[in-house]
Amino acid sequence: MSCRLFFALRPPSSLRENLLDLMEQVDGARWQDDDQLHLTLRYIGEVDESMAEDLADSARHIAFEPLELAIAGCSFFEKKGMPRQLYARIAPNERLSALHRKLDRLCVKSGLEPERRKFVPHVTLARLNQASGSLGPFLANYATVRLGPWHVDEYILYESHLREQGSLYEPLCTYSARMK
């Protein structure tokens with residue numbers, strides 16, 4: 001049996017409510033719901049239960065200091081010139097980048113491939129396809145939106161369950177901030 005896993009941060013409810021309020025003005029977008037809003041620190045993917053348990057246990061040894069994050073505008077990811085995701089961008093934060101690097105090293109030490117994509121901290125707001133409407137009105141209103149700050153003192157190991165109506169994210173373990 002395998003598990004589809006990722007490490008993430010969960011924004012507080014007040015920030016999630018603000019993000020949900022932004023979700024408009026793009027016809028055909030598949031907007032995320034409250035339960036899906038998160039910032040992925042490290043995508044793991046499909047692993048067997050033994051590796052999942054090893055990762056969950058090893059992550060307990062990662063030290064990180066609490067940090068403050070903020071939303072610094074909205075943008076989109078594209079693939080082959082087509083917009084695929086709308087997201088809320090996270091303002092640059094060295095402690096966040098350090099935590100990402102620690103989790104990537106932990107995954108590599110556990111036998112996974114290193115993360116090849118550049119770490120772009122964000123919270124996905126919507127999934128897009130060719131039938132999605134213009135992003136112009138949305139970006140005109142929210143490209144420079146500022147939300148937060150948001151205090152982070154824990155991260156979560158999630159299991160992702162794929163469903164027709166969108167992924168369901170189940171928290172498996174929560175890890176609290178602690179100094180080295």
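Coordinates for the structure precede this section.
Just so you know, the residues in each chain are numbered from 1, in the order the chain's sequence is written. Local features in this predicted model are restricted to residues whose pLDDT is 70 or higher, and side-chain atom pairs enter the listing and the counts only when it is 80 or higher, whereas totals over whole chains, interfaces and linings include all residues. Note that the side-chain values use all heavy atoms of the structure and ignore hydrogens as well as water.

As a further point, take the packing of aromatic side chains. Ring pairs are drawn from Phe, Tyr and Trp, using the six-membered ring of Trp, whenever the two centres fall within 6.5 Å, and their geometry is named by plane angle: stacked under 30 degrees, edge-to-face over 60, tilted for the rest. Inspection of the entire model under this criterion finds 9 aromatic pairs. Ring centres of tyrosine 155 and tyrosine 175 lie 4.9 Å apart, and the angle between their planes is 25 degrees; this geometry places the pair in the stacked category. Taken together, the residues span a long stretch of sequence, with tyrosine 155 in strand β8 (residues 154–161) and tyrosine 175 in strand β9 (residues 168–176) at a distance of 20 residues. Assessed through its relative accessible area of 4%, tyrosine 175 is described here as buried. Cluster of aromatic residues (ring-pair linked, three or more members): Phe7, Phe64, Tyr155 and Tyr175. Put simply, DSSP H or I for four residues or longer makes a helix, DSSP E for two residues or longer makes a strand, and each gets a number counted from the N terminus. For every residue, the accessible area (1.4 Å probe, protein chains only) is compared with the maximum for its type, and the residue is labelled buried under 20%, exposed over 50%, or partly exposed between those bounds.

Turning our attention to the sheet that holds β8. Read from one edge to the other, the open sheet built from 4 strands follows the order β3-β1-β8-β9, with strand pairing classed as antiparallel. A single partner strand is all that each edge strand has here, and the edge strands are β3 (39–48) and β9. On average, each strand axis in the sheet is tilted by 25 degrees relative to the strand beside it, whichever way the strands run. As paired strands, strand β1 (residues 2–9) and β8 are joined by 4 bridges and run antiparallel to one another. Within the sheet, the bridge partner assigned to alanine 8 lies in β8 and is isoleucine 156. Residues are treated as being in contact if the distance between any of their heavy atoms lies within 4.5 Å. What counts as an axis is a line fitted to C-alpha atoms, over the stretch in contact for a helix, and the angles between N-to-C directions run from 0 to 180 degrees. Against the sheet, helix α2 (residues 49–59) touches β1, β3, β8 and β9, its axis set at about 145 degrees to β3. Two strands pair under a simple rule: DSSP has to find at least two bridges between them.

A few words now on the side chain of asparagine 93. Mapping asparagine 93 onto the fold places it in the loop between β5 (82–90) and α3 (94–109). Any pair of nitrogen or oxygen atoms within 3.5 Å is treated as a polar contact; in protein, a donor-acceptor pairing is required on top of that, and neighbouring residues in sequence qualify only through side-chain atoms on both sides. At 2.9 Å, the side chain of asparagine 93 forms a polar contact with the backbone nitrogen of leucine 96. Sequence-distant contacts of asparagine 93, defined by excluding residues within four places in its chain, comprise Leu67, Glu68 and Leu69.

As used here, the term nonpolar core means buried Ala, Val, Leu, Ile, Met, Phe, Trp, Tyr and Cys residues forming a set that is joined through side-chain atoms within 4.5 Å. Core analysis: the largest hydrophobic core is formed by 50 residues, its most contacted members being Phe7, Leu19, Leu39, Leu41 and Tyr155. The element that contributes the greatest number of residues to this core is α3, accounting for 5 residues.

Before going further, it helps to spend a moment on the environment of alanine 143. Checked against the element boundaries, alanine 143 lands in the loop between α4 (136–142) and β7 (146–152). In contact with alanine 143, other than residues within four places in its own chain, are Gly73, Cys74, Arg89 and Phe138.

These figures capture arrangement, not role.
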